[in-house]
Amino acid sequence: MTNPTRVASLVELENIFQQELPTDRWAAAETAFALAVRSRDTGDWEKSREWVAQCLQLLEGFPDETEEHVATKRVSVGGVPLPNYLHEGVVRDRFGELA
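Criteria and thresholds
Residues numbered from 1 in each chain as written. Predicted model: local features only at pLDDT ≥ 70, side-chain atom pairs only at ≥ 80, totals over all residues. Heavy atoms only, no water. Core = buried A, V, L, I, M, F, W, Y, C linked by side-chain atoms within 4.5 Å. Buried < 20%, exposed > 50% of the residue type's maximum accessible area, 1.4 Å probe, protein only. Helix = DSSP H or I, 4+ residues; strand = E, 2+ residues; numbered from the N terminus. Contact = heavy atoms within 4.5 Å. Polar contact = N/O pair within 3.5 Å; in protein donor to acceptor, adjacent residues only side chain to side chain. Expected span 1.5 Å × (residues − 1). Salt bridge = Lys/Arg side-chain N within 4 Å of Asp/Glu carboxyl O. Phe/Tyr/Trp six-rings, centres within 6.5 Å; stacked < 30°, edge-to-face > 60°. Lys NZ or Arg CZ within 6 Å of the ring centre and 35° of its normal.

Peer 1: So what's going on with the nonpolar core? Which residues, and what values?
Peer 2: In terms of nonpolar packing, the biggest core is built from 25 residues, with F17, F33, C55, L59, L86, V91 and F95 touching the most fellow members. Among the elements of the structure, α1 (10–20), α2 (25–41), α3 (45–59) and α5 (88–95) are those that each provide at least two residues to this core. At 9 residues, α2 tops the list of elements feeding residues into this core. When near neighbours in sequence (up to four residues on either side) are disregarded, L86 contacts W26, A29, E30, F33, C55, L59, V70, T72 and V91.

Peer 1: Tell me about the side chain of T72, and please be specific about residues and values.
Peer 2: Locating T72 in the fold gives a position in the loop between α4 (67–70) and β1 (76–77). Within the structure, T72 has its side chain in polar contact with the backbone oxygen of P83 (distance 2.8 Å).

Peer 1: How would you sum up α2? Please name residues and give values.
Peer 2: Its 17 residues place the ends of α2 24 Å apart at the C-alpha level, agreeing with the 24 Å of an ideal helix rising 1.5 Å per residue. Among the 17 residues that make up α2, 14 are buried, leaving the element largely enclosed by the rest of the structure. After α2 finishes, the residue G43 shows a positive phi value of roughly 85°.

Peer 1: Account for the pattern of salt bridges, naming residues and giving values.
Peer 2: Applying the stated criterion across every chain yields a total of 7 salt bridges. Note that R6 and E12 form a salt bridge whose closest N and O atoms lie 3.1 Å from each other. Here R6 falls in the partly exposed class, since its relative accessible area comes to 43%. One salt bridge connects E46 with R49, and the closest N-O pair in it is separated by 3.3 Å. Here E46 and its partner R49 are both found in helix α3, 3 residues apart, which amounts to about one turn of the helix. Under the relative-accessibility criterion, E46 is labelled partly exposed at 45%. With relative accessibility at 32%, the residue R49 sits in the partly exposed group.

Peer 1: Residue-level account of the packing of aromatic side chains, with values.
Peer 2: In the structure shown here, the tally under the stated rule is 3 aromatic pairs. On the numbers, 4.9 Å between centres and 80° between planes, the contact of F17 with W51 is edge-to-face. Here F17, found in helix α1, pairs with W51, found in helix α3; they are 34 residues apart in sequence, far enough to count as distant. Overall, W51 belongs to the buried group, its relative accessible area being 9%. Between the aromatic rings of W26 and F62, the centroid separation amounts to 5.1 Å while the plane-to-plane angle is 85°, which identifies the pairing as edge-to-face. Taken together, the residues W26 in helix α2 and F62 in the loop between α3 and α4 connect sequence positions 36 residues apart. Taking relative accessible area as the criterion, F62 reaches 28% and is therefore assigned partly exposed. The ring of W26 has K73 sitting right over it, with the charged end atom 4.8 Å from the ring centre.

In structure tokens:
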């Protein structure tokens, strides 16, 4: 059993992303967002920028006209809190110059 307050390592999150990517692009976008947050929080700006780009690329394929379209499916990924809504504007707002 995992400790619910423990934040997953970058390697663990990358493994989750690799598992989700072929079957659930929305979940992969959420995990890419979490990876961007974790990378930024550890001071790896370049890796964070890469994950922001990956997240934005995945989000391109989804409609974003309504709140229902952009509502996240999970509260967090690997202990990293997700925003209530995930779309290009939120990602660019959260990551500023990294986006």
